[in-house]
Amino acid sequence: MRSALSAVVAGLVLLSAVAAVPAAGAAGSADAATTDRSPNTAGTSAAGALQGDDACAPVSNGSAPDDPDADRLGWENGCWYNESIDVDRSDGLNETELDAVVARAMARVEQIRELEFNETVPVDVISREQFRANTSFNATTNGSLHQNVKWEAMLMVGEDTDALSVQESNTGATVGGYYSPEEERIVVVSENATSPKMNEITLSQELFHALQDQRYNISAYDQYTEELHNAKDGIIEGDGNFVDRLYSQRCAGEWDCLMPQTQPGAGAAGSIHQGLLLVTYQPYSDGPAFVQGIYESEGWEGVNEVYENPPASTEQTIHPEKYGEDSPTNVSFTDTSGANWTVPHLANGTVDYAQFGEAGLATMLFYPYYDSGGRAAPVIDPRSFITGGSTDPINYSTQYTDGWDGDRLYPYVTDDSAETNETGYVWKTVWDSESAAADFVEGYGMLLDYYGAEPVNDSENTYRVPDGPYADAFHVNHTGTTVTLVNAPTVDQLSEVRAGAGPDDSGGETETPTDTDTATDDPTTEPGDEETATDTATTEPGDGETATDTATGTPLPADGGAGDGGDGDDGGDGDATDAPDGTTASGGPGFGLAGALAALALAGLLAGRRE
């Protein structure tokens, strides 16, 4: 079953993407915030004509009215939104053709979204081979350790694997395009290496991200952790993918569009880490439904107002009724480690902690499905996590993670960690109620069981995984509404990483969420050094896109084959996912996993992710 899911995910992700751009002076990112992946080698280029230049004149078939006396919505650089143009992309678009396609797409984005571009954005088309050759994350030693620890804490990337390499592989395989705020240009990645073709849906989303940055300065958003990146992308990617859906519907109807000539292959499936992908996919699943709900009740003006107050957490887009009503807790933290263990310092004001939020924790509990090759789902049933809906295909609401109110993860290293990769962490989570915290402890306990954890000295709070990529000691402390997870290479070292952690007669450490705060500033992030910075660049999986950097992107119909369909989705994720009846991923009555996967494939979902 896993091979089928891998193929579906690979094919869907390769439809449209968005890449990120680093903050000024950043070295190159490796997280879900801002990494400039602009390739050094550009392909066919549309430099961006000045307003008034008639980009469509050389290729127009006379299907549009005369040009207006002044700029207006639905007209850009001599092209009307409903104008037909004669272009031949069999050998790639020449400069004249690309100018016309870009100008008309800008006009169409304006017409749909009812916002005017301030200026034209240059567009380059390059091959995936070129993109891969120029995709790399630069990181300091501490930055690499930070990345390794945080993804090991998610039980997704083991100690024997470099997390930055996994992120690079995801990016190279799935990014379909990106907008770089720093360079103020768009790059579209084509699967065809010899004569790159244009996918108009991918182009439209990147153009919309440029429009967002021109009108709302989205590159200034704080996105320095996975959670904050996904939260802000709830409006950035939610709006972008909702506009994409409307654009695709027009292309399937009255508009003549440059659509993908062939479906992207699933050959990249083996290079895609589905766990990392699904962590960053959440804004593309929940964001469009979140935006659609606001649009249907308040129109575009209501959507525009969200940019002034973007979602503060993934909880607010997983559960739209919590937007503006349930602010996350700014989790406080006191360092009680011994002299041999320290939090690695990160350069240029980068935050030295991680946050995964409700979306990340839900994905962590679901990930055994992938780890087991589709044979086991000990915590969350795939039939409830993968819904197959056309507007909200992944259900990040689970019985174990609903009630999340905040989290903060600190990596710990020793002087030898760079050589041995023996590390630790303290991950403090806060919940809405004691029962919600207990639910998470139950789900996390099942996750540890899956990886072979054994109780230490019959303790209910301390465990040891004896072998494998996650062979470590774990301490789980539940006190009121707080759950603190402590990890170290050995049981004895638990108390060195966190005083009081480990087996004892009192049940372990006690703490409350009101400890002295040690790192609650909101600095910019240096990509690759931590939770990565935030300069929203955008990547659309029109050809693909993947995991962790600032303009992220993954779902929604980018192939023109799946519109909203007016199914009445109110933007919610529905009921919380239940634990599976057993450990198998298939079987059962009704709409099973195979049906969900088929629906996902038909909808072309997972195809519009920014980086």
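Up top is the structure these notes are about.
Just so you know, these numbers come straight off a predicted model, no measurement behind them.

Thresholds applied
- Residues numbered from 1 in each chain as written.
- Predicted model: local features only at pLDDT ≥ 70, side-chain atom pairs only at ≥ 80, totals over all residues.
- Heavy atoms only, no water.
- Helix = DSSP H or I, 4+ residues; strand = E, 2+ residues; numbered from the N terminus.
- Buried < 20%, exposed > 50% of the residue type's maximum accessible area, 1.4 Å probe, protein only.
- Contact = heavy atoms within 4.5 Å.
- Areas by Shrake-Rupley, 256 points an atom, 1.4 Å probe, with all protein chains shown as cover.
- Salt bridge = Lys/Arg side-chain N within 4 Å of Asp/Glu carboxyl O.
- Disulfide = S-S within 2.5 Å.
- Lys, Arg positive; Asp, Glu negative; His and termini not counted.
- Core = buried A, V, L, I, M, F, W, Y, C linked by side-chain atoms within 4.5 Å.
- Phe/Tyr/Trp six-rings, centres within 6.5 Å; stacked < 30°, edge-to-face > 60°.
- Pairing = 2+ DSSP bridges.
- Axes fitted to C-alpha atoms, helices over the stretch in contact; angles between N-to-C directions.
- Parallel < 35°, antiparallel > 145°, perpendicular 65-115°, else oblique.
- Nonpolar A, V, L, I, M, F, W, Y, C, P; charged D, E, K, R; others polar.

### So, the overall build of the chain
In step 1: When helices and strands are counted, the chain shows 16 helices and 16 strands.
In step 2: Going through the 611 residues of the chain one by one, you find that 62% of them count as buried.
In step 3: Look at the contacts in the chain between residues 6 or more apart in sequence, and 81% of them connect residues 24 or more apart.
In step 4: About 19700 Å² of surface is accessible on the chain, with carbon and sulfur atoms providing 44% of the total.

### A look at the pattern of salt bridges
Once the charged atoms of two side chains with opposite charge are near each other, the side chains can pair.
In step 1: Summed over all chains, the structure comprises 10 salt bridges.
In step 2: For R108, the salt bridge is made with E200, and the minimal N-O distance between the two is 2.8 Å. Here R108, found in helix α2 (residues 95-113), pairs with E200, found in helix α6 (residues 200-216); they are 92 residues apart in sequence, far enough to count as distant. Accessibility classification places R108 together with E200 in one group, the buried group.
In step 3: A salt bridge links D124 to R185; its shortest N-O distance comes to 2.6 Å. In this pair, D124 is assigned in strand β5 (residues 123-127) and R185 in strand β7 (residues 185-190), connecting sequence segments 61 residues apart. The burial state of D124 is the same as that of R185; both residues are buried.
In step 4: One continuous salt-bridge network, built from bridges that share partners, spans R104, R108 and E200.

### Section: the state of the cysteines
In step 1: Taken as a whole, this structure holds two disulfides when the rule is applied.
In step 2: Here C56 connects covalently by a disulfide to C79, the sulfurs 1.9 Å from one another. Across the disulfide from C56 to C79, rotation about the S-S bond amounts to roughly 115 degrees, and the bridge is consequently right-handed. Remark: C79 occurs in strand β4 (residues 79-80) and C56 occurs in the loop between β2 (44-46) and β3 (75-76); sequence separation between them is 23 residues.
In step 3: By relative accessible area, which is 0% here, C79 ends up buried.
In step 4: The partner cysteine of C251 in its disulfide is C257, sulfur to sulfur 2.0 Å. Measuring handedness by torsion sign, the sulfur bridge of C251 and C257 sits at about -85 degrees and is left-handed. Taken as a pair, C251 and C257 share a single burial class, namely buried.
In step 5: The connectivity of the disulfide bonds within the chain can be written as 1-2, 3-4, using the sequence rank of each bonded cysteine.

### Notes on helix α10 (residues 357-366)
In step 1: Of all 10 residues that make up α10, 10 are buried, and the element is covered over most of its length.
In step 2: Turning to α10, its buried residues are G357, E358, A359, G360, L361, A362, T363, M364, L365 and F366.

### Notes on the side chain of E159
In step 1: Its location among the elements puts E159 in the loop between α4 (141-153) and α5 (163-174).
In step 2: The buried charged residue E159 lacks any salt bridge, with R464 as its nearest oppositely charged partner at 11 Å.
In step 3: Beyond its immediate sequence surroundings of up to four residues, E159 is in contact with E152, N421, E422, P469, A471 and D472.

### Re the nonpolar core
In step 1: One finds W151, M364, F385, W427 and Y444 to be the most contacted residues of the largest nonpolar core, which totals 53 residues.
In step 2: Contact partners of Y444, with chain neighbours within four places excluded, come to M364, L365, Y425, F474, V476 and L485.
In step 3: Formed by 51 residues, the second largest nonpolar core is a distinct cluster that contains V121, V125, Y247 and F290.

### Some details on the environment of S165
In step 1: Inspection of the secondary structure assignment puts S165 in helix α5.
In step 2: S165 sits in the partly exposed class, given a relative accessible area of 40%.
In step 3: Residues S165 and F137, spaced 28 residues apart in sequence, show a C-alpha to C-alpha distance of 8.4 Å.

### Observations regarding the packing of aromatic side chains
In step 1: The tally for this structure, following the rule as stated, stands at 22 aromatic pairs.
In step 2: When the ring of W151 is compared with that of F356, the centres are 5.3 Å apart and the planes differ by 70 degrees; the resulting orientation is edge-to-face. Taken as a pair, W151 in helix α4 and F356 in the loop between α9 (315-318) and α10 lie far apart in primary sequence, 205 residues in all. This pair shows no difference in class: W151 is buried, exactly as F356 is.
In step 3: Both rings, one in Y451 and one in Y470, keep their centres 5.0 Å apart while their planes meet at 70 degrees; by these two values the pair is edge-to-face. A residue pair is termed long-range when its members are at least 10 positions apart, and Y451 in the loop between α14 (434-450) and β10 (454-455) and Y470 in the loop between β11 (462-464) and β12 (473-479) qualify at 19 residues.
In step 4: By relative accessible area, which is 13% here, Y451 ends up buried.

### Remarks on the environment of F440
In step 1: Turning to its location among the elements, F440 is positioned in helix α14.
In step 2: Spatially, the C-alpha atoms of F440 and W404 are 8.8 Å apart, while their sequence positions differ by 36 residues.
In step 3: Contact partners of F440, with chain neighbours within four places excluded, come to L361, M364, Y400, T429, W431, V483 and L485.

### Some details on the pairing of strand β9 (residues 424-431)
In step 1: The buried count for β9 comes to eight of eight residues, which makes it a mostly enclosed element.
In step 2: Sheet topology note: the strand β8 (residues 404-412)/β9 ladder contains eight bridges and is antiparallel. From the neighbouring strand, W404 faces β9, where its bridge partner is W431.
In step 3: Here β9 pairs with strand β13 (residues 482-488) via six bridges, running antiparallel. Each bridged residue has a counterpart across the sheet, and for W427 the counterpart in β13 is L485.

### A closer look at the packing of α2 against helix α7 (residues 226-251)
For any two helices packed against each other, the geometry is given by the interaxial angle and the distance between the axes.
In step 1: Put simply, α2 and α7 touch, their axes get as near as 10 Å, and they point 105 degrees apart. In terms of orientation, α2 and α7 fall into the roughly perpendicular class. On α7, the residues touching A105, R108, V109, I112 and R113 of α2 are D239, V243, L246 and Y247.
In step 2: Residues belonging to the contact of α2 with α7 are distributed by class as follows: six nonpolar, no polar and three charged.

### Here we look at unusual backbone geometry
In step 1: A positive phi angle, close to 50 degrees, is found at N77, a residue other than glycine.
In step 2: Here N77 is to be found in the loop between β3 and β4.
In step 3: A positive phi angle is found at N421, which is not glycine, with a value near 60 degrees.
In step 4: Tracing the backbone through its elements, the reader meets N421 in the loop between α13 (417-420) and β9.
In step 5: Owing to a relative accessible area of 14%, N421 belongs among the buried residues under this scheme.

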